[in-house]
Amino acid sequence: MTENDPAPRVATGDAEARGTSPISNAIAVLRCFSVDEPLLGVTEIAARVGLHKSSASRILSTLESEDLVERDTTSRRYRLGLGIIGVAGPLLADLDVRRAAYPVLRDLTETTGETSALLLWNGQEAVSVEQVPSRHQVKHTTTLGTRYATALSASVQVFLAALPPERVHALLTGGIVAYRDADDAGLAAFADRLADATARGYAVNYGETSIEEVGVSSPVHDHRGEVVAAVLVSAPRFRVSPEQLAALGEACARAAADITRRLGGNPAKGAS
């Protein structure tokens, strides 16, 4: 078989008949996805790994609960999820946006003295995929793969600001993204907050999710003007006064614009 030949198909049920372990079956399911075929249905996956459809469906449900796969909202077919990033830590250098971001994050941490990070959106959470820690002994850091699903998190605000209002409404009222004031008045106030963040170029979390922490975050855009990532600067609250917050936010926005340019994007496209 050459590298251009399709992977061999196994007759449905063969894997189960051979007594293949559940772990092997789960790995086989994950390996079904490729650059050429990022979206697959349950029937397609079952045929490729030699499992009954019900067995493949159970495996996919388990993988989905761990964010290793996720469903496309339009087709309801499966694709790999961002939870893979948390598992694949050392291989993240292959991610274009991460590779483009790292030197910028390093300079941002050097300039501000605070921890900088890059986050991606998985449809309902911001996921940390890169980080350059502060040089200070007291600092805020997280492990790669950490997920944020609180509306007042600065990075989550960045991603929500890029979504259609009806999607934001569904995430907040459905409790998928945590927001305490999800009544009409609270949702209207939050919509204004997102608009302000977009106009300013960065979102702010000044001790709102953790009384000890300050975070500012700005969007990274691709060549289509879509928000593909968020840059985050986080710091202990005692080190950032309200007067210093703007300077921190502006530094974050400049870094995000720099990463956007490295990706061949245009910050102005996503700011409309």
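Residues numbered from 1 in each chain as written. Predicted model: local features only at pLDDT ≥ 70, side-chain atom pairs only at ≥ 80, totals over all residues. Heavy atoms only, no water.

**A look at the overall build of the chain**
Turning to step 1, where the next piece is worked out: Regarding its fold elements, the chain presents eleven helices and eight strands.
Turning to step 2, where the next piece is worked out: Going through the 272 residues of the chain one by one, you find that 43% of them count as buried.
Turning to step 3, where the next piece is worked out: Residue pairs at least 24 apart in sequence account for 56% of intrachain contacts in the chain once pairs closer than 6 positions are excluded.
Turning to step 4, where the next piece is worked out: Summing over all exposed atoms, the chain offers an accessible surface of approximately 14,200 Å²; the carbon and sulfur share of this is 53%. (Helix = DSSP H or I, 4+ residues; strand = E, 2+ residues; numbered from the N terminus. Buried < 20%, exposed > 50% of the residue type's maximum accessible area, 1.4 Å probe, protein only. Contact = heavy atoms within 4.5 Å. Areas by Shrake-Rupley, 256 points an atom, 1.4 Å probe, with all protein chains shown as cover.)

**Let's talk about the confidence of the model for the chain**
Turning to step 1, where the next piece is worked out: When pLDDT is averaged along the chain, the result is 87; 87% of the residues meet or exceed 70.
Turning to step 2, where the next piece is worked out: Ranking the elements of the chain by mean pLDDT puts helix H11 (residues 267-270) last, at 51, and helix H7 (residues 154-161) first, at 98.
Turning to step 3, where the next piece is worked out: Segment residues 1-12 is flagged for pLDDT under 50; beyond a separation of four residues in sequence, or across chains, it makes 16 contacts in the model. (pLDDT = per-residue confidence, 0-100.)

**Let's talk about the side chain of Ser 134**
Turning to step 1, where the next piece is worked out: Within the secondary structure, Ser 134 is located in the loop between strand S4 (126-132) and strand S5 (147-148).
Turning to step 2, where the next piece is worked out: On the basis of relative accessibility, which here comes to 2%, the residue Ser 134 falls in the buried class.
Turning to step 3, where the next piece is worked out: If we skip the residues at most four places from it in the chain, Ser 134 touches Thr 109, Gly 113, Glu 114, Thr 115, Lys 139 and Arg 239.

**Observations regarding the pattern of salt bridges**
Two side chains of opposite charge can pair, provided their charged atoms sit close to one another.
Turning to step 1, where the next piece is worked out: If you walk through the whole model with that rule in mind, you get ten salt bridges.
Turning to step 2, where the next piece is worked out: Across the pair Arg 77 and Glu 44 runs a salt bridge whose closest N-O atoms are separated by 3.0 Å. Residue Arg 77 is located in the loop between strand S1 (69-71) and strand S2 (78-80), and its partner Glu 44 is located in helix H3 (residues 42-49); the two are separated by 33 residues in the primary sequence.
Turning to step 3, where the next piece is worked out: Classification of Arg 77 by relative accessible area gives partly exposed; the value is 30%.
Turning to step 4, where the next piece is worked out: On the accessibility criterion, Glu 44 (30% relative accessible area) is partly exposed. (Salt bridge = Lys/Arg side-chain N within 4 Å of Asp/Glu carboxyl O.)

**Points about the sheet that holds strand S6 (residues 203-206)**
Turning to step 1, where the next piece is worked out: Read across the sheet, six strands follow the order S5-S4-S3-S8-S7-S6 without closing on themselves; strand pairing throughout is antiparallel. Every other strand in the sheet has two partners, leaving S5 and S6 as the edge strands with one partner each.
Turning to step 2, where the next piece is worked out: Of the pairings in the sheet, the one linking strand S7 (residues 213-221) to strand S8 (residues 227-236) comprises nine bridges and is antiparallel in character. Each residue of the ladder has a partner; that of Pro 219, found in S8, is Ala 230.
Turning to step 3, where the next piece is worked out: Sitting on the sheet, helix H6 (residues 96-112) is in contact with strand S3 (115-121), S4 and S8, with an inclination near 150° to S3. (Pairing = 2+ DSSP bridges. Axes fitted to C-alpha atoms, helices over the stretch in contact; angles between N-to-C directions.)

**Concerning the pairing of S8**
Turning to step 1, where the next piece is worked out: Counting buried positions over the ten residues of S8 gives eight, a clear majority of the element.
Turning to step 2, where the next piece is worked out: Between S7 and S8, which follow one another and run antiparallel, lie five residues, and Gly 225 among them has a positive phi close to 85°.

**Here we look at the packing of aromatic side chains**
Turning to step 1, where the next piece is worked out: Applying the stated criterion to the full structure yields two aromatic pairs.
Turning to step 2, where the next piece is worked out: Their ring planes at 25° and their centres at 5.3 Å tell us that Trp 121 and Phe 159 sit as a pair that is stacked. With Trp 121 in strand S3 and Phe 159 in helix H7, the pair connects residues that are 38 residues apart, well separated along the chain. Like Trp 121, the residue Phe 159 is buried in the burial classification.
Turning to step 3, where the next piece is worked out: Taking the centre distance of 4.9 Å and the plane angle of 45° together, the rings of Tyr 179 and Phe 190 count as tilted. Of this pair, Tyr 179 sits in the loop between helix H8 (165-173) and helix H9 (184-200) while Phe 190 sits in helix H9, and the two are eleven residues apart along the sequence.
Turning to step 4, where the next piece is worked out: The exposure class of Tyr 179 is buried, given its relative accessible area of 16%. (Phe/Tyr/Trp six-rings, centres within 6.5 Å; stacked < 30°, edge-to-face > 60°.)

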